[in-house]
Amino acid sequence: MVLPWHWERLGSCRLFLALPGTLCTRMLRQVLHGGLRTSFSKLGHFVANHPVFFASAPVLISILLGASFSRYRIEENVEYLLAPQHSLAKIEGNLVDSLFPLNRSKHTLYSDLQTPGRYGRVIITSPGKGNMLDQHHIDLVLKLHTSVTKIQVHMLGFNYTFAHICILDDNKSCIVDEIMRVLEELKASRSSNRTSFTIRYPITYLKDGREVYIGHQLGGVLTHSKDRVKSAEAIQLTYYLQAINALNDVVANKWETKFYETVELFQQAHPELKMYPFISSSLQSDFQKSSKVSEQHLITSLTLVVTLAILFSSMWDCVRSKPWLGLLAVLTISLATLTSAGIINLAGGKYNSTFLGIPFIVLGHGLYGTFEMLASWRKTREDQHVKERTATVYADCMIPFTLTTAMYMVTFGIGASPFTNIEAVRIFCHNTCISVFFNYLYIMTFYGSNLVFTGYLENNYQHNIFCKKVPKPEVLQQKPAWYRFFMYTHYNEESGESIEISSYDSHLLVCFMKRYYCDFITNTYVKPFVVLFYLVYISFALMGYLQVSEGSDLSNLVATESSTIAYTTAQQKYFSNYSPVIGFYIYESIEYWNVSVQEDVLEYTKGFVRISWFESYLNYLRRLNVTTGLSKKNFTDILRNSFLRSPQFSHFSDDIIFARKSFSEVEVVASRMFLVAKTTENKRKEMYILLDTLQKLSLTSKVKFIIFNPSFVYMDRYASSVGAPLQNSCISALFLLFFSAFLVADSLINVWVTLTVASVEFGIVGFMTLWKVDLDCISVLCLIYGINHTIDNCIPLISTFVLGKDFTRTKWVKNTLERHGVALLQNYLCYTACLIPLAAVPSNMTRILFRCLFLIAFVTFFHCLAILPVMLTFLPPSKKKRKEKKGPENREEIECVEMVDSIRVVDQITSV
């Protein structure tokens, strides 16, 4: 019997000589895999030897660190969080502020162009689509204006009114919207029975001849006779406040609150009006409001996941049932999240509403790990010592769990790097890395130690809940029926044979997976339908993928029932025709007097409604019968001494910066004009196109100009900024999978994992678009999580199948589903249940979060329990059927052949 073994050994040597590289790689993989299993097995022994320490230390750390979270700070700067950090629009905005600060804006404070530190704004409409320009509505608007200007804020023994904190013009009077002067003149005209006063749209003229733009203040306009206003459905008023120091800012903040209350009281007193108030802090408060309105729903989610985790960990057998482990799984994840929150708070981090997604990511990471440990525990032999069983669980589960945790750290770590241009995404990824890391540590320590405690209870045949010793069958038969029901167990203590793993088959999900689902999904007649469903899935995903759009609309990140949503909807409805106002800034000295330069400037601004000193000045010269092609000195002198001193054009002095070159020479060194684009209700998409077109034009034009609007800082480079973290995470995941192919037991594992991740991510993006979810910072973070969630769930399935030998593909698919299918099913049901309450939260951000996370869970589940089991039955790797055992009559002949062959091999090696 020695010779056959010797022949096998020499056969391995011959294979090593023939394929040294392949064999070395395979041996390296086996050694590494074996070393990792041994290391985690020893870790399991260590945890089992010190269960009290590992159960108490994490709880103590969580209490100490989590206590600091009671005084967390909130990030209030929404622009800092959501606008791309490095963009041309921000640089241009800083240049605009340096050239034309707020105190040089004066009469041209357009609500769409400049929103200084503090302001109050309201849109006034009539629910019955009444004309806001009739006498009754004009009186109400003027009455509201009077009420607003009389608001008083008591501070330090003084009553501040709007007159004390408003922005002043050159005459030391409060700047008010031009629409107020239009309404006053219209009222005066009607009172004197004069019909000469007409309102034009979007540019009208006041009695003093001054040209004013009211496109952002008068909405839902119906015109006749070219541009004469017949009726209007909405009026917008804005009240700008000073915030030049800390005291002034506090007063302005309180005034805004009083403004909001005044508008609401006026609304109650005049139900014939519908008003939409908005203040400078509305966006920030509504952004954080998502956290407040989510509190009750998060508690419901926690209750559901705890209930289902306990239910899925239970079985009829009162000894082998593990309800406490289901509860402790959620408790472990909660402790890890609390610990990471405390560390983030101590490190100076500030909370924002995007953090709502972190607990769900940590929950998805932790639930599958704990359920896999529980499933592995069921496969261990009951006659083994608890320490041996714990070591086996760690050796089986911790390798894939460590690899998937490392993938989380890599993908989210790339998102937390300085390469990420959106601060909210970077902070989210940074905090997710911390949370996932502590989740991994707590599951390995706290949850593992509790597994040891329940193992001792199981070995002693103690009840899983009451810890009472379960009577033996002969004693139990003498008890009442209700007692026998609660104390039922499969008692094997007297049996001298080894305990079979089938003791756990009474678990409902285990029974379902083994007896029904494995045979169903591998049925020959079911496979074609699964493949057909997959083709349909790919088709719909492709249809959605071709319609992907980026969404930088901030209303997608605030609570649904909020002033931001109401105001934005009203503005989009009534003021989308002439919006937005874009500043056109010429930041260097040009030859304004040159006819060709004049033509170039007018050509660049062609197609817009223009509020321009330059065009008005050229028309002024023509009315004087003066050619526009003047000399430099004459052009500048007429501009300064005649044009800007006329009452109807004096407001243009804020738009021009003069500089003295010499004692007698003055020239225009910078100027600005205002352009209004006529857009539709799909303003956001048109703004993207407009920004891109004008930025390209500014880089190639002869005249050096920049364009700016406050919303540009959210749009410029947004697509590349929001897509970069996802792209970098995908690339890093692919690189990690590629290089780890040389370390895992079989490189086909990584091939299948990569294909599965690609299929899942493609489907999520496609169906996300069909479900009306744009590609913004929240959906991108969910897509990064989708990579890890897919790897979390599919690696155990794929590795078990690929490494299996001696059976057919179908048999190994069944074995794989029996080993890991129950944990997959438990994880999916618990995770989906905890997501359902998110759908009821009245917030756009949580709506996006729910849809993305639900798609991730469903598509991953569909792949792991349907697509992969079917595909693996007819795609590589191939499996060999188990060889038939040789009879005793054939063994001697085979050994003789092997002996002869071994002698020949020895001779060949000797000759070499």
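Look above for the structure.
Residues numbered from 1 in each chain as written. Predicted model: local features only at pLDDT ≥ 70, side-chain atom pairs only at ≥ 80, totals over all residues. Heavy atoms only, no water.

A look at the overall build of the protein
Item 1. Along the backbone of the protein there are 30 helices and 15 strands.
Item 2. Taking all 912 residues of the protein together, 54% fall into the buried category.
Item 3. Accessible surface, the protein: about 41,800 Å² in total, of which carbon and sulfur atoms supply 61%. (Helix = DSSP H or I, 4+ residues; strand = E, 2+ residues; numbered from the N terminus. Buried < 20%, exposed > 50% of the residue type's maximum accessible area, 1.4 Å probe, protein only. Areas by Shrake-Rupley, 256 points an atom, 1.4 Å probe, with all protein chains shown as cover.)

As for the pairing of strand β10 (residues 274-279)
Item 1. Judged by how many residues are buried, β10 sits mostly within the fold: five of six residues are covered.
Item 2. Direction of pairing for strand β1 (residues 118-125) relative to β10: antiparallel, over a ladder of six bridges. Note on β10: the bridge partner recorded for Gly-120 is Ile-279. (Pairing = 2+ DSSP bridges.)

Some remarks on the state of the cysteines
Item 1. A full pass over the atoms with the stated rule returns one disulfide.
Item 2. Between the sulfur atoms of Cys-166 and its disulfide mate Cys-174 the distance is 1.9 Å. Handedness here is read from the sign of the S-S torsion; for Cys-166 and Cys-174, about -70 degrees, the answer is left-handed. Note on accessibility: Cys-166 and Cys-174 belong to one class, buried.
Item 3. Left without a disulfide partner, Cys-429 is nearest to the cysteine sulfur of Cys-433, which lies 6.9 Å away.
Item 4. With no disulfide partner, Cys-852 has as its closest neighbouring cysteine sulfur the one in Cys-782, 4.4 Å distant. (Disulfide = S-S within 2.5 Å.)

Section: the environment of Thr-149
Item 1. Within the element layout of this structure, Thr-149 appears in helix α6 (residues 135-149).
Item 2. Ignoring sequence-local partners within four residues, the contact set of Thr-149 consists of Thr-161 and Phe-162. (Contact = heavy atoms within 4.5 Å.)

With respect to the packing of helix α11 (residues 323-346) against helix α14 (residues 423-459)
Any two packed helices are characterised by the angle at which their axes cross and by the distance between the axes.
Item 1. Where α11 meets α14, the axes come as close as 8 Å, and the angle between the chain directions of the two elements is 145 degrees. The handedness of the crossing between α11 and α14 comes out as right-handed. Only Asn-431, Ile-434, Ser-435, Phe-438, Asn-439, Tyr-442, Ile-443, Phe-446, Tyr-447, Asn-450, Leu-451 and Thr-454 of α14 make contact with α11, whose side of the interface consists of Leu-325, Leu-328, Ala-329, Leu-331, Thr-332, Ile-333, Leu-335, Ala-336, Thr-339, Ser-340, Ile-343 and Ile-344.
Item 2. Residues that form the contact of α11 with α14 fall into these classes: 16 nonpolar, eight polar and no charged. (Axes fitted to C-alpha atoms, helices over the stretch in contact; angles between N-to-C directions. Left-handed = near helix turned anticlockwise from the far one by under 90°. Nonpolar A, V, L, I, M, F, W, Y, C, P; charged D, E, K, R; others polar.)

Regarding the packing of aromatic side chains
Item 1. A full pass over the atoms with the stated rule returns 40 aromatic pairs.
Item 2. Ring centres of Tyr-604 and Phe-705 lie 5.7 Å apart, and the angle between their planes is 35 degrees; this geometry places the pair in the tilted category. Taken together, the residues span a long stretch of sequence, with Tyr-604 in helix α20 (residues 595-604) and Phe-705 in strand β15 (residues 705-708) at a distance of 101 residues.
Item 3. On the accessibility criterion, Tyr-604 (15% relative accessible area) is buried. (Phe/Tyr/Trp six-rings, centres within 6.5 Å; stacked < 30°, edge-to-face > 60°.)

Focus: the sheet that holds strand β6 (residues 218-219)
Backbone hydrogen bonds are what pair the strands of a sheet, in a parallel or an antiparallel way.
Item 1. Taking strand neighbours across the sheet as the criterion, the four strands line up as β6-β9-β1-β10 in an open arrangement whose pairing is antiparallel. Looking at the sheet topology across the chains shown, the edges are occupied by β6 and β10.
Item 2. Strand direction decides the pairing type here: β1 and strand β9 (residues 234-241), joined by eight bridges, are antiparallel. Pairing of Val-122 across the sheet is with Leu-237, part of β9.

Structural notes on unusual backbone geometry
Item 1. Cis peptide bonds are those with omega within 30 degrees of zero, and the linkage from Tyr-201 to Pro-202 qualifies with 5 degrees.
Item 2. One can find Pro-202 in the loop between α8 (178-191) and β4 (203-205).
Item 3. Between Pro-876 and Pro-877 the backbone carries a cis peptide bond, its omega angle lying at 5 degrees.
Item 4. With respect to the helices and strands, the residue Pro-877 is situated in the loop between α29 (844-871) and α30 (888-911).
Item 5. Phi at Tyr-461 is positive, roughly 55 degrees, even though this residue is not glycine.
Item 6. For Tyr-461, the position within the fold is in the loop between α14 and α15 (473-476).
Item 7. By relative accessible area, Tyr-461 is classed as buried at 7%.
Item 8. With a phi angle near 60 degrees, Cys-467 is a residue other than glycine that sits in the positive phi range.
Item 9. Here Cys-467 shows up in the loop between α14 and α15.

Here we look at the pattern of salt bridges
Item 1. Counted according to the given criterion, the structure contains 21 salt bridges.
Item 2. Of the charged contacts in the structure, one is a salt bridge between Asp-249 and Arg-118, with a shortest N-O distance of 3.1 Å. Pair noted here: Asp-249 is in helix α9 (residues 246-269) and Arg-118 is in strand β1, with a separation of 131 residues, a long-range link.
Item 3. Its salt-bridge partner being Lys-633, residue Asp-637 comes within 2.9 Å of it at the nearest N-O pair. (Salt bridge = Lys/Arg side-chain N within 4 Å of Asp/Glu carboxyl O.)

With respect to α29
In an α-helix, one full turn covers 3.6 residues, which means residues spaced three or four apart are oriented alike.
Item 1. In this model α29 runs 38 Å from its N-terminal to its C-terminal C-alpha over 28 residues, within 8% of the 40 Å that 1.5 Å per residue would give.
Item 2. The largest bend in α29 amounts to roughly 40 degrees and is located at His-863.
Item 3. Regarding α29, its N-cap is Ser-843, as a side-chain oxygen of that residue lies 3.4 Å from the backbone nitrogen of Met-845 further along. (Expected span 1.5 Å × (residues − 1). Bend = angle between axes of the 7 residues up to and from the residue. Polar contact = N/O pair within 3.5 Å; in protein donor to acceptor, adjacent residues only side chain to side chain.)

A short note on the side chain of Thr-390
Item 1. Tracing the backbone through its elements, the reader meets Thr-390 in helix α13 (residues 386-415).
Item 2. Looking at Thr-390, the relative accessible area reads 0%, which means it is buried.
Item 3. With near-sequence residues (within four places) excluded, Thr-390 lies in contact with Gly-44, Ala-48, Trp-377 and Val-452.

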